[in-house]
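Single-letter residue listing:
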Amino acid sequence: MTPKQRVAAARDQKKPDKLPIMAANSNTFICQYYDMTVRQFLTDVDLCTEGNRRFTEEFEVDYNLCVNGYILYGCGPELGCEWRFAGDNFPGFVSGPLQGPGDLKRIEVPDTSSGYFAHYLQVTRNLQEAIGDRYHLSVSILGPFAVACFLRGIQEALCDTVADLDFFHLYMEKATELSIWIGRQILNTGIDHPILNEIFLTPEMIRPDAYHELIAPYDRRVQETLGPENAPNSLAAFMGQPGDRDSQRGGAELYRAFFSGVEKIKDLESVLSHRMPGMPFPAAISGRALDSRPLDELLDYLKQVLDYLVGEKNMYPMILLSPVQADSPDKARAIGSKIKRIQALRDSYLL
């Protein structure tokens with residue numbers, strides 16, 4: 001099987017030749033491991049393409065949510081949002097151009113892509129042409145609420161969901177137009193498997209019922225326009241079903257399992273009925289564990305999870321590494337060595 005076929009089989013719960021590996025965020029690792037600066041990653045199309053390609057192939061990342069970095073996703077300085085660099089780190093969001101209703105008329109859907117977003121599109125196009133026939137490549141279509149948070153400010157948008165709903169709905173209309181435009185530009189690259197990425201959609205930030213009432217209708221509008229198969233709303237699984245507290249608790253547990261793994265294998269039982277659209281069920285190793293836990297502990301943990309999911313529950317999960325981050329070349333080499341041992345365990349694991 002090709003990596004792409006392997007992901008499709010596991011997603012559909014058909015037996016693959018071996019379990020797929022997914023990496024959900026690898027930007028700083030790529031910079032440190034392949035010797036490029038953050039600014040090169042964000043602006044040099046050839047270097048960024050090559051780093052993402054080498055990472056995918058060297059570490060056999062069957063499912064790669066690649067070209068990561070929030071500033072790339074369509075709400076960079078070219079749209080009036082302010083970002084701040086601190087040393088050789090990825091820039092952080094500072095503020096947006098939307099202070100009040102009068103500012104809405106100055107925010108227009110662009111005619112063409114430019115700046116960081118244009119770079120993102122070209123790298124995506126290059127990767128799809130180079131390895132997209134073999135690997136399951138995914139990139140982010142920024143969802144309307146995420147767009148709104150960048151235009152308005154993250155704290156301000158959250159407050160508006162409680163204190164100023166009229167204004168919130170006004171700018172969510174504009175954010176939806178922008179999300180649809182972003183999605184169309186990404187689909188034009190030829191990428192097969194983008195996701196609708198509401199990057200602030202976490203149980204710690206949004207109450208599930210608030211999501212279903214205030215945000216989900218705009219997400220559905222984007223999906224209806226682009227086609228649900230072109231923009232699966234993967235992170236919405238963390239919100240559960242509207243009005244269903246048990247489902248919402250399960251969604252929150254899936255969120256923790258996706259990003260942090262589990263403390264005890266039996267904790268997986270409560271999330272097995274939950275799925276993220278477009279993805280196999282995750283057997284997750286968190287970025288913190290990948291960074292700090294000894295290799296023997298990591299491999300023992302992973303084998304226990306796989307024995308439970310594959311052996312006891314007859315499932316075919318993906319091995320999820322989320323995120324893969326490093327703050328120095330030495331750290332990147334250490335993490336890279338661990339990933340190759342995880343890869344070796346996957347290759348020898350009998351299904």
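Refer to the structure printed above.
Cut-offs and rules
- Residues numbered from 1 in each chain as written.
- Predicted model: local features only at pLDDT ≥ 70, side-chain atom pairs only at ≥ 80, totals over all residues.
- Heavy atoms only, no water.
- Pairing = 2+ DSSP bridges.
- Helix = DSSP H or I, 4+ residues; strand = E, 2+ residues; numbered from the N terminus.
- Axes fitted to C-alpha atoms, helices over the stretch in contact; angles between N-to-C directions.
- Contact = heavy atoms within 4.5 Å.
- Polar contact = N/O pair within 3.5 Å; in protein donor to acceptor, adjacent residues only side chain to side chain.
- 1 Å grid on protein atoms, 1.4 Å probe; cavity = no way out; pocket = protein on both sides within 12 Å on 5 of 7 lines; lining within 4 Å.
- Points joined across faces, edges and corners; volume = space filled by probe spheres on them.
- Nonpolar A, V, L, I, M, F, W, Y, C, P; charged D, E, K, R; others polar.
- Buried < 20%, exposed > 50% of the residue type's maximum accessible area, 1.4 Å probe, protein only.
- Salt bridge = Lys/Arg side-chain N within 4 Å of Asp/Glu carboxyl O.

S.K.: Help me get a handle on the sheet that holds strand E1 (residues 21-23), residues and values and all.
M.R.: The sheet built from five strands is open, its strands ordered E5-E2-E1-E9-E8 with parallel pairing. Looking at the sheet topology across the chains shown, the edges are occupied by strand E5 (136-138) and strand E8 (282-286). Strand-to-strand twist in this sheet, taken as the mean axis angle between neighbours without regard to direction, amounts to 15°. Where helix H12 (residues 295-312) meets the sheet, it contacts E8 and strand E9 (318-322), and its direction lies at approximately 165° from that of E8.

S.K.: Any details on the environment of Asp192? Residues and values, ideally.
M.R.: Secondary-structure assignment places Asp192 in the loop between helix H8 (165-187) and strand E7 (195-197). In sequence terms Asp192 and His136 are 56 residues apart; their C-alpha atoms lie 7.9 Å from each other. Within the local environment of Asp192, its side chain forms a polar contact with the side chain of Lys4, the two groups lying 2.5 Å apart.

S.K.: Could you give an account of the layout of surface pockets, naming the residues involved and the relevant values?
M.R.: Approximately 560 Å³ is the volume found for the largest pocket. Around the largest pocket sit 31 residues that line it, and Asn25, Tyr70, Asn197, Ile199 and Phe259 are the ones nearest its centre. When contributions to the lining of the largest pocket are tallied by element, the ones reaching two or more residues are E7 and helix H10 (245-260). Considering each element in turn, the lining of the largest pocket owes the most residues, three residues, to H10. Broken down by class, the residue content of the lining of the largest pocket amounts to 22 nonpolar, nine polar and no charged. Estimated volume of the second largest pocket: approximately 290 Å³. Forming the walls of the second largest pocket are 16 residues, and the residues nearest its centre are His212, Ala236, Ala237, Gly240 and Gln241.

S.K.: Give a detailed account of the environment of Asp244, specifying residues and quantitative values.
M.R.: If you trace the backbone, Asp244 turns up in the loop between helix H9 (208-226) and H10. C-alpha of Asp244 to C-alpha of Val162: the two residues are 82 residues apart in sequence and 21 Å apart in space. At 3.2 Å, the side chain of Asp244 forms a polar contact with the backbone nitrogen of Asp246. Here Ser247 takes part through its backbone nitrogen, which lies 3.0 Å from a polar atom of the side chain of Asp244.

S.K.: Run through the pairing of E9, naming residues and quoting values.
M.R.: Taken across its five residues, E9 has five buried, putting it largely inside the fold. Burial of E9 is two-sided: the residues Met318, Leu320 and Ser322 facing one way and the residues Ile319 and Leu321 facing the other way are all buried. When E1 meets E9, the two strands line up parallel, connected through three bridges. Its bridge partner being in E9, Ile21 is matched across the sheet by Ile319. Here E8 pairs with E9 via five bridges, running parallel. Each residue of the ladder has a partner; that of Ile285, found in E9, is Leu321.

S.K.: A description of unusual backbone geometry should follow, citing residues and the corresponding values.
M.R.: With an omega dihedral of -10°, the bond running from Ser322 to Pro323 counts as a cis peptide bond. Relative to the assigned elements, Pro323 resides in the loop between E9 and helix H13 (329-348). Within the chain, Gln13 stands out as a residue other than glycine whose phi angle is a positive 60°. If you trace the backbone, Gln13 turns up in the loop between helix H1 (3-11) and E1. Taking the relative accessible area as the measure of exposure, Gln13 reaches 29% and is therefore partly exposed. At Asp35, a position not held by glycine, the phi torsion is positive, near 60°. Looking at the element boundaries, Asp35 is found in the loop between helix H2 (27-33) and helix H3 (38-43). For Asp35, a relative accessible area of 70% corresponds to the exposed category.

S.K.: Would you mind going over the packing of helix H5 (residues 115-131) against H8 in detail, with residue names and values included?
M.R.: Where H5 contacts H8, the two axes come as close as 9 Å, and the packing angle between them is 35°. Residues Phe117, Tyr120 and Leu121 of H5 touch H8, and the partners they reach there are Trp181, Ile182, Gln185 and Ile186. Partitioning the contact of H5 with H8 into residue classes produces six nonpolar, one polar and no charged.

S.K.: I'd love a proper account of the pattern of salt bridges, names of residues and values included.
M.R.: Counted under the stated rule, the structure contains 24 salt bridges. Across the pair Glu57 and Arg53 runs a salt bridge whose closest N-O atoms are separated by 2.4 Å. Remark: Arg53 and Glu57 occur in helix H4 (residues 45-58); sequence separation between them is four residues, near one turn of the helix. For Arg333, the salt bridge identified is with Asp330, shortest N-O distance 2.2 Å. Highlighted residues: Arg333 and Asp330, both in helix H13, separated by three residues, approximately one helical turn. Taking the relative accessible area as the measure of exposure, Arg333 reaches 49% and is therefore partly exposed. Asp330 sits in the exposed class, given a relative accessible area of 55%. Where salt bridges share partners, they join Arg6, Asp17, Lys18, Glu60, Asp62, Arg346 and Asp347 into one cluster.

Taken by themselves, the reported measurements are silent on function.
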